[in-house]
Structures are given as C-alpha cells and as structure tokens.
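Spelled out from the first residue to the last, the chains are:
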Amino acid sequence: MLDSTLQATYDQVLHRNPGEPEFHQAVREVFESLEVVQSRHPEYQDHSILMRLCEPERQIIFRVPWVDDDGVVQVNRGFRVEYNSALGPYKGGLRFHPSVNLGIVKFLGFEQIFKNSLTGLPIGGGKGGSDFDPHGRSDGEIMRFCQSFMTELHRHMGEYTDVPAGDIGVGAREIGYLFGQYKRLTNRYEAGVLTGKGLDWGGSLVRKEATGYGAAIFADEMLKANGSSFDGRRVAVSGSGNVAIYAIEKVRQLGGIPVTASDSTGYVVDENGVDLALLQQIKEVERGRIVEYAERRGNGARFVANGSVWDVPVDIALPCATQNELNVEDARTLVKNGVLAVSEGANMPCTPEAVAVFREADVRYGPGKAANAGGVATSALEMQQNASRDAWSFEHTEERLTQIMKGIHTTCLETADEFGRPGDYALGANVAGFRKVADAMIAFGVI
Ligand code: NDP
Ligand code: 2IT
C-alpha cells in the first residue's frame, strides 16, 4: 500500500506509461520505500521530485538497419533513455536481446539512477539497447549491427554527456565495434565515452569481473553482518554470462561452493563445484550452450532442461541472469531449503512477491541496485583512468571495488536503521540512493 500522495504520483506514472509492466514494477518498489522519507522531507514533495524523477530527461528511439550474411536487409529498433543527470553524465549499459522494448529500457534506466548514486561516484543514470538477438549471429553480422547502431547513437554520446557500457548481449566484442565506429565518426580518440573497453585500448582491469565479484562481496558482507560466512556453503548462481561467471569465481575465493549455472534453456548442477575454466571455455570462448558443460564435465554434473535452478538446495542464492527470473514459488522453495542470503547480480531478478517471502522469513536480501553496483562503479573507475590517461593495477582496482561494495553495504544498513527498519537492505538502498539525487535536483532548480 502507498500513501495517498505517493499513490497519486504512481497513478500518473501508470497513466503516462501504459503497457510497461517492468517499469511500473521498478517504480512501485522504490515508492514503497519512500513513504518514510516523504513525511520527514516535505521539500521533496514541494519540488515534485518524484514526478520529475520518473520522467526521463530524454528518450531516443531509432531505426537500426543492417545487412545479414545472406544479403538480406534487417531492421531493428534502438533505444537510449537518458534518465537523470543530476549527479553526472548519463551512465548505464546497452542490452541486445529480443525482449528489449522501451519499458524494459526505462525500468533499467530508472534503477540505474539510484544504483549509480549509491556508488558515491559522479555518474547519472541511463540505459539503452536494441531488440537485436546476437545468438547465432556471425562476427561480421555483429559488427555491421553495432556500426549501424552507433551511426545514430554517437550524436547523443560524449564523455561529459552519456557514457554507455555492456549489459545482456553486449560484452568486449560489441564494445570494440561500437567504440571503433564512434572513433571513426567523430575523429576523436575519446576513450571515456564508453566503458568495458579492451585492456589495450583504454579498458580497466577488473571491469570484466566487477559485477559478479561485487555481488558475491555484497553477499559476504550480509553474511558477516549476521555472524556467518561463505565458508563451505552451497551457492546457486543463475545465468552463465559475464555476471554469473565472475560471481562464481569470487564465491570460490570466499570459500563457498558454487553448484549451479544456467541459461535460457535450463540449468546444470555440479555437486563438486562449478569448474570455472570449463565454463569460461564454453561460454566466453566458444559462445556455446550450458548443456555442453554437463556433457563435457562428466563427474556427476547434470543438465536439467527448462526447470528452475532455485529447486537446488543451497545456503545462498545469486540470481545473475535477468529480470523476474525468481518468482514466489522459487522463493518458497529456497526458504524451505534454509537459504540464508540472496544477493542480486542481475537487475530486478526477484519478483516483488518473492521479495516479500524473503522478508517474511528474515532472509538477508540484497537488491540489485546495491548488490550489482560493482560493475558500474568500476566503469566509473575506468572513466577516471581514461581522464587521467592512466592505467591502474589489478590489485589497486579490486581494492577500490571492494571498498565501494563494503561502503554500499554499510550505507544500506545505516539508512535502514535511521528509518526504523533494521536489516532492510532494499529500503536502505532506495532511500540512500534517492536522497542524493533529490537534493541535487533541488539545488539545480526546476530544470
Ligand atoms: P550476458 O549476456 O553476459 O549473460 C546473460 C545470461 O543470462 C545468459 O546466461 C543468458 O542465457 C541468461 N538470460 C538472459 N536473458 C534470459 C531470459 N530471458 N531467460 C533466461 N535466461 C536469460 O549478460 P550479463 O551477465 O552482463 O547480465 C546478466 C544480468 O546482470 C542482467 O540482468 C544485467 O542487466 C545485469 N547486470 C549486468 C552488469 C554488467 O556489468 N554486465 C552490471 C549490473 C547488472 P541465454 O544466453 O540463453 O540468453
Ligand atoms: O546494469 C548495470 O549496472 C550495467 N549493465 C553496467 C553499466 C555500466 O555503465 O557499467
């Protein structure tokens, strides 16, 4: 339930943005946390901060025509939602997946505002992408698509304006093609205009690992705050992409046993602990499917087609695939199996009903905007290195990432305490992320 002023604003959001359920879900989740803030800070209401915050500063939608390997002209739709620049240039990833539409990009951009605020670094919120499906496409097709996408997007970007990066379906290969086309069109070697770059051309060590590492570090902090640890604990990780792979690596380093990985076809269970080198070979090098992991691993690893990875009994869950991948049934199963903590590597992977189950059962729940902020935080560190024409060591960069994640964890807990909801990381993340953005918006006047 929302109070009447929040409900009125939410109704306006629904009215203005029909047919965008994921966006509505993301807005509602933040609004539910903000009730406590409204009563203490009437100035936010006086300045219509929430209504302004929900309305993106700019939304760009464009045609992306390209020629496939058979010579057929294909047409996709491109998006960039420049959501909020109160704290810095718009910053957030690009997602290439057939499910991408304006509502998905807006939900991701909205989340990004608060996430980026929580990092403590000077970055605003934005998100983009396309309904292009990279699965099964040749390198040449990926390159031509990226070049066409950038041919339009480049005029909206800039290291002081809007700095995209990767997300689902966009990794180092795509960032390379996008950066190459940006450089060609602008005749500028403007390294800080994109992050997630290759290490030889302006990328940062630890960026590739940062989101997954950060989600595991955040889980570790939640466990430690409750007198527990990863040591010897079974961990379920969903997904087998960039975030999942490096979450698995960090879980191992922290003493946990990652026993699962998945993709959109099903999941694997490996009771001996996931073999990281094999997973990387199949997913990062060969761009194969997760079933191949079970086929090649032997040793008791098994593939389960279609089922839910959350059926596997574990102590800790790290959803690292996509939105709404963990529903209320999954949450009940995890609770029944004694799960201690859930840390969201993906954006909004748990449905609101699932989150309610965790809350009810007193499971530590780290929301994505806090738990997966390590990726964008390290992107901001990449921007720092680009601005100073420097390159930091792995150790130094990882130490910065670790401190940022610990700082976000502390901020969430302290803010939750301040508002009388101890242990409520979601409330802490929403309120702490929101306050900085709201205060900056008030300082700037009505713009
Ligand atoms: P990748 O493209 O590297 O991997 C995505 C993984 O999730 C794949 O295993 C993919 O399987 C699976 N997946 C994607 N969509 C679906 C779906 N609809 N149903 C089932 N499985 C699906 O992406 P990332 O690892 O980069 O991103 C994963 C999540 O983390 C996303 O929610 C993203 O927004 C979030 N995130 C990413 C950050 C980053 O730095 N990359 C930073 C912060 C959050 P398949 O190949 O079969 O589609
Ligand atoms: O959701 C996210 O935070 C990302 N995909 C990373 C964004 C970035 O700019 O590094």
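Let me sum up the structure you'll find in this document. (Residues numbered from 1 in each chain as written. Chains lettered and ligands numbered in written order. Predicted model: local features only at pLDDT ≥ 70, side-chain atom pairs only at ≥ 80, totals over all residues. Heavy atoms only, no water.)

**Observations regarding the nonpolar core**
Okay, step 1: If you look at the biggest cluster of nonpolar residues, it comprises 55 residues, and the most contacted ones within it are Phe218, Leu279, Tyr293, Leu318 and Ile408.
Okay, step 2: Tallying contributions element by element places helix α8 (residues 207–225) first for this core, with eight residues.
Okay, step 3: Residue contacts for Tyr293: discarding those within four places in its chain leaves Val268, Asp270, Gly273, Val274, Asp275, Leu278, Leu279, Ile282 and Ala301.
Okay, step 4: Listed in part, the 38 residues of the second largest apolar core include Ala26, Val37, Cys54 and Phe434. (Core = buried A, V, L, I, M, F, W, Y, C linked by side-chain atoms within 4.5 Å. Buried < 20%, exposed > 50% of the residue type's maximum accessible area, 1.4 Å probe, protein only. Helix = DSSP H or I, 4+ residues; strand = E, 2+ residues; numbered from the N terminus. Contact = heavy atoms within 4.5 Å.)

**Focus on the pairing of strand β2 (residues 73–84)**
Taken residue by residue, a regular strand's side chains alternate between the two faces of the sheet.
Okay, step 1: Pairing analysis gives 10 bridges linking strand β1 (residues 58–67) to β2, with the strands arranged antiparallel. The residue of β2 that forms the bridge with Ile61 is Phe79.
Okay, step 2: Connecting β1 to the next strand, β2, in antiparallel fashion are five residues, including Gly71 with a positive phi near 85 degrees.
Okay, step 3: Alignment of β2 against strand β4 (residues 125–130), held across six bridges, turns out to be antiparallel. Bridge pairing links Asn84 to Gly125 in β4. (Pairing = 2+ DSSP bridges.)

**Describing the sheet that holds β2**
Okay, step 1: The five strands are arranged β1-β2-β4-β3-β5 in an open sheet whose pairing can be described as mixed. Edge strands, defined here as strands with exactly one partner in the open sheet, are β1 and β5 (162–165). Put simply, the sheet's adjacent strands are angled 20 degrees from each other on average, direction ignored. (Axes fitted to C-alpha atoms, helices over the stretch in contact; angles between N-to-C directions.)

**So, a nonpolar patch on the surface**
Okay, step 1: Taken together, the side chains of Val67, Val73 and Val75 present a nonpolar region at the surface, about 260 Å² in accessible area.
Okay, step 2: Tracing the backbone shows Val75 in strand β2. (Patch = residues over 30% accessible without salt bridge, like charges linked within 9 Å, V, L, I, M, F, W, Y side chains within 5 Å. Areas by Shrake-Rupley, 256 points an atom, 1.4 Å probe, with all protein chains shown as cover. Salt bridge = Lys/Arg side-chain N within 4 Å of Asp/Glu carboxyl O.)

**Brief notes about the site of ligand 1**
Okay, step 1: Residues in contact with ligand 1 amount to 25 residues; listed here are only the nearest, Asp167, Thr211, Ser264, Arg289 and Asn347.
Okay, step 2: Within the contact set of ligand 1, an oxygen atom lies 2.9 Å away from a backbone nitrogen or oxygen of Val243.
Okay, step 3: The separation between an oxygen atom of ligand 1 and a polar side-chain atom of Ser264 is 2.5 Å.
Okay, step 4: Compared with its free state, where it exposes 880 Å², ligand 1 has 84% of that area covered by protein.
Okay, step 5: Looking at the shell around ligand 1, the elements with two or more residues in it are α8, α9 (242–253) and β8 (260–263).
Okay, step 6: Across the shell around ligand 1, the residue classes tally to five nonpolar, 14 polar and six charged. (Near = heavy atom within 4 Å. Polar contact = N/O pair within 3.5 Å; in protein donor to acceptor, adjacent residues only side chain to side chain. Nonpolar A, V, L, I, M, F, W, Y, C, P; charged D, E, K, R; others polar.)

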